[in-house]
Amino acid sequence: MSAEQRRAELEVKRAKLEKMRQEKSQKPGATTPMTPNISSMSITGLSAPREDADPDKILKEVGIHQAASLPMSSRSISPATASSQQKRRPPANIALQICQQPAATISVPPKELVTYSKEVQTIESGEKDPTASPIQHDHLQWDDEFQPSTTGEHNRLVYVSDDDTMSFDETSKASIGMTLPPAIELKRARSLKQQHKQQSLQGQASLTKHELTNDERDQILRSDPFQDFFSRTSRLIERSLWESPKAFDIFKDYSGRDLDGQNEKMDVGEIIKFDREFFDERWTRHRIVTCIDTSTYHPELVLASYSQNDESSHESDGVVLIWNSKYKSKPTPEYIFNCQSWVTSCAFSKFHPNIVLGGTYSGQIVVWDTRTNKRTPVQRTALSASSHTHPVYCLQVIGTQNANNLISISNEGKMCSWNIEMMTQPQESMDLAYRTKPVAATRMVFPGVEVNNFIIGSEEGQAYSGSRHGNKAGIQESYEGHFGPITGLSCHNVNGSIDFSPLFLTSSFDWSVKLWSLKESKPLNSFEVNSDYVTDVRWSPVHPSVFLTCDITGRFDIWNLNHDSELPLLSTTLDGNVALNKCLWAHNGQQIILGDDQGKLRLYGVNEFLTNPKQDDFNKLSNTLQDFKRNTLDAFDDNHPTNTAAAATAATTN
Amino acid sequence: MTQAEVDDTLKRIQEHKGVQGYLIINNDGIPIRSNLDASLTQQYAALIKSLSDKARSTIREIDPSNELVFFRMRTKKHEILVAPEKEYTMIVLQATDVQ
């Protein structure tokens with residue numbers, strides 16, 4: 001009669017399965033709580049002889065704490081396995097569990113595959129059950145319709161196969177045999193399963209994220225870590241993209257020709273050679289270049305500040321960009337910095353490799369840090385009467401690594417010295433006045449490594465020299481000669497056999513460039529080849545007699561006083577209606593950088609003979625200076641017969 | 001960098017000569033941003049991620065103080081530039097036979 005009993009059992013089970021199927025279609029959410037129970041059921045079902053061993057303990061081992069349903073279900077299992085006639089009708093959710101029981105043994109192997117997350121795949125591939133049902137193989141693909149649906153599918157499959165109990169037995173036996181090793185290994189399997197379960201949940205979670213990416217994506221894109229990552233890697237990628245044409249050549253190179261030969265050397269006669277230009281459509285269009293600086297730490301970095309963009313008012317007024325001249329074709333700046341009012345002067349901090357300083361039109365001095373990913377300043381000076389209230393046209397970092405200060409001068413004649421770490425208040429401030437008249441400074445230079453004495457160019461056309469400390473703190477001497485505001489000021493700074501450091505050059509709106517010595521109150525020489533406002537003048541940092549001027553017609557001249565003191569060595573006018581606003585020599589004197597009023601920076605390489613001074617260049621220059629002196633004295637005599645001594649000499653010469 | 005600038009930069013990268021596509025994935029190998037089609041994206045995401053992990057662990061094993069910063073794989077048809085980072089990875093595909 002056991003066969004009949006068996007059949008009755010099976011009928012009951014089948015009925016229960018049907019019921020379960022119905023309930024499952026109503027309660028899809030019950031699947032996940034089911035699966036852990038399934039494993040527990042399977043374990044408890046198989047270890048029926050051990051059923052007296054605490055099922056709770058076993059379940060807890062597996063990591064499931066479903067205290068409420070557990071005891072009932074475990075209790076219900078043991079009688080079910082023992083004798084089917086004792087099957088009672090437990091409540092709805094547990095009915096599911098019970099009915100799952102026959103399925104439980106089968107669902108274990110698919111469950112292992114269910115935990116097939118991407119990370120685990122390579123590890124599991126060795127252990128994978130090759131004889132597991134071929135249906136399971138299908139779910140190894142990395143498709144979107146992955147785990148969440150497969151658990152249901154498996155269960156469905158199981159139900160289907162359950163009709164054919166023989167086959168179900170076979171498969172279950174096979175799977176049991178393969179996947180449920182003896183008790184000793186059971187624990188390890190369990191812990192593995194735990195891992196897999198966790199990973200599967202993770203995998204599930206990641207896959208659900210994968211499906212919901214739109215919102216999460218936006219969130220990620222806006223998050224800070226992503227921004228950091230993106231600014232770094234986009235820079236990397238852009239650089240490698242832009243530089244890879246050379247890489248192509250390396251690979252396609254059949255003859256192994258020297259790639260360096262491609263960089264043409266300049267002809268002997270060619271004094272300058274166009275290298276590249278820096279222009280950014282968004283940030284520099286319609287803006288005037290107000291200041292240029294190069295970094296002492298990384299000579300290929302060029303800093304440029306720009307005026308406000310009148311055309312588009314929604315862009316920030318103050319823009320400062322750092323360009324990299326090493327990458328010949330990358331068209332985008334390395335760093336972009338913004339601030340509220342337009343930047344009138346900018347400087348790299350000589351002693352801090354990551355600090356960029358800017359003086360603005362509003363009188364604020366702002367500090368940016370390249371280490372942060374922010375585009376806005378990390379420090380700002382207060383807009384108060386103690387600091388500047390007029391545009392800051394001059395900024396310079398002076399001092400040494402340990403004791404450095406930032407000196408700034410604003411248009412009202414106030415000179416402040418700051419400590420870069422603490423910009424809330426100036427360390428000291430001084431009002432510059434010459435004979436009770438405030439000096440409206442437009443340019444300031446500390447010659448060489450001076451920290452005390454400085455030279456200032458003003459709006460009225462005079463240059464002044466002064467000192468910060470000492471008995472005569474303030475403006476001491478004035479140098480008169482220009483008839484218009486001084487736009488450029490440059491001190492001689494070449495170390496050589498003869499020291500020309502008292503020399504400085506000024507350029508002005510009065511169409512002239514004048515050469516001065518600190519000791520003389522009258523200019524040594526005046527260069528008047530320009531026919532419009534001269535906007536900037538710079539001595540070469542390596543050659544004692546070479547300097548560069550630029551003017552508002554787009555013309556820039558390179559002068560070599562040893563070659564000719566009347567005419568420039570090279571005079572070039574740029575095409576188009578550009579006006580040059582600033583010019584600068586690179587630290588090594590081998591490049592010049594010109595900024596114009598359309599936001600473009602142009603780099604030119606300079607021929608060798610202008611960067612390598614010969615020994616006698618210094619002597620030649622001092623001779624030239626002597627000539628200048630003689631000329632000025634003669635001119636002085638001619639023009640000022642009222643001077644008695646001069647009149648005497650004039651009389652004698654006449 | 002605002003969202004728009006991120007988009008701008010990606011557009012610039014995409015329009016560069018030879019670039020066939022880009023892909024940004026997170027730690028789990030899930031694509032966050034991509035302009036390739038879905039299946040290719042998935043493939044690249046998973047495959048490159050595992051390769052990148054392997055490369056990273058290789059470098060780490062050889063010298064624990066070192067870390068992988070960037071690598072490019074040059075194949076006959078493309079060059080794959082990968083910039084792996086702690087949390088995200090950026091992958092760009094560039095065709096090699098552009099000339």
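Computed from a prediction, not measured in an experiment: that's the story for all the values here.

### A look at the overall build of chain B
- When helices and strands are tallied, chain B shows 2 helices and 5 strands.
- Across chain B, helices and strands are ordered from the amino to the carboxyl terminus as α-β-β-α-β-β-β.
- In chain B, buried positions account for 45% of the 99 residues.
- The contacts of chain B with a sequence gap of at least 6 include a subset with a gap of at least 24, amounting to 36%.
- Carbon and sulfur atoms make up 51% of the accessible area of chain B, which totals about 5100 Å².

### Brief notes about the sheet that holds strand β3 (residues 71-74) of chain B
All names here are of chain B.
- One open sheet accounts for 5 strands, arranged β2-β1-β5-β4-β3; its pairing is antiparallel. Pairing within the sheet leaves two strands with one partner each, and these edge strands are β2 (31-34) and β3. Within the sheet, the average angular offset between the axes of one strand and its neighbour, ignoring direction, is 15°.
- Pairing geometry for β3 and strand β4 (residues 78-84), over 4 bridges, is antiparallel. Its bridge partner lying in β4, Phe-71 is registered against Val-82.
- Strand contacts of helix α1 (residues 3-15): β1 (19-26), β2 and β5 (88-95), with the helix running at about 140° to β1, the strand carrying the most contacts.

### Some words on the confidence of the model for chain B
Residues and elements named next belong to chain B.
- Taken over all residues, the pLDDT of chain B has a mean of 86, while the share at 70 or more is 96%.
- For chain B, the element scoring lowest by mean pLDDT is α1, at 84; helix α2 (residues 38-62) scores highest, at 90.
- The complex model carries a pTM of 0.61, and its ipTM stands at 0.79.

### Considering α2 of chain B
- Here α2 of chain B contains 25 residues, and its C-alpha end-to-end distance of 36 Å stays within 8% of the 36 Å for a straight helix at 1.5 Å per residue.
- Taken together, the buried positions of α2 of chain B are Thr-41, Gln-42, Tyr-44, Ala-45, Ala-46, Ile-48, Lys-49 and Ser-52 of chain B.

### What about the interface of chain A and chain B?
- Counting residues at the interface gives 35 residues for chain A, matched by 36 residues for chain B.
- Of the roughly 3500 Å² buried where chain A meets chain B, counting both sides, 65% is carbon and sulfur surface.
- For the interface between chain A and chain B, the tally reads 4 salt bridges.
- A salt bridge links Arg-282 of chain A to Glu-5 of chain B, with the nearest nitrogen and oxygen atoms 2.8 Å apart.
- One can count 5 residue pairs in polar contact (both at pLDDT 80 or more) joining chain A with chain B.
- Ranked by residue count, the leading element in the side of chain A that touches chain B is helix α12 (residues 224-252) of chain A, at 19 residues.

### What to know about the environment of Asp-557 of chain A
Residues and elements named next belong to chain A.
- Mapped onto the secondary structure, Asp-557 falls in strand β26 (residues 555-560).
- What makes Asp-557 buried here is its relative accessible area of 0%.
- Sequence-distant contacts of Asp-557, that is, excluding residues within four places in its chain, are made with Val-529, Asn-530, Phe-547, Leu-548, Thr-549, Pro-568, Leu-570, Ser-571 and Thr-572.
- A polar side-chain atom of Asp-557 sits 3.0 Å from a polar atom in the side chain of Arg-555.
- There is a polar contact of 2.9 Å between the side chain of Asp-557 and the side chain of Ser-571.

Criteria and thresholds
Residues numbered from 1 in each chain as written. Chains lettered and ligands numbered in written order. Predicted model: local features only at pLDDT ≥ 70, side-chain atom pairs only at ≥ 80, totals over all residues. Heavy atoms only, no water. Helix = DSSP H or I, 4+ residues; strand = E, 2+ residues; numbered from the N terminus. Buried < 20%, exposed > 50% of the residue type's maximum accessible area, 1.4 Å probe, protein only. Contact = heavy atoms within 4.5 Å. Areas by Shrake-Rupley, 256 points an atom, 1.4 Å probe, with all protein chains shown as cover. Pairing = 2+ DSSP bridges. Axes fitted to C-alpha atoms, helices over the stretch in contact; angles between N-to-C directions. pLDDT = per-residue confidence, 0-100. Expected span 1.5 Å × (residues − 1). Buried area = accessible area lost by both parts, 1.4 Å probe. Salt bridge = Lys/Arg side-chain N within 4 Å of Asp/Glu carboxyl O. Polar contact = N/O pair within 3.5 Å; in protein donor to acceptor, adjacent residues only side chain to side chain.

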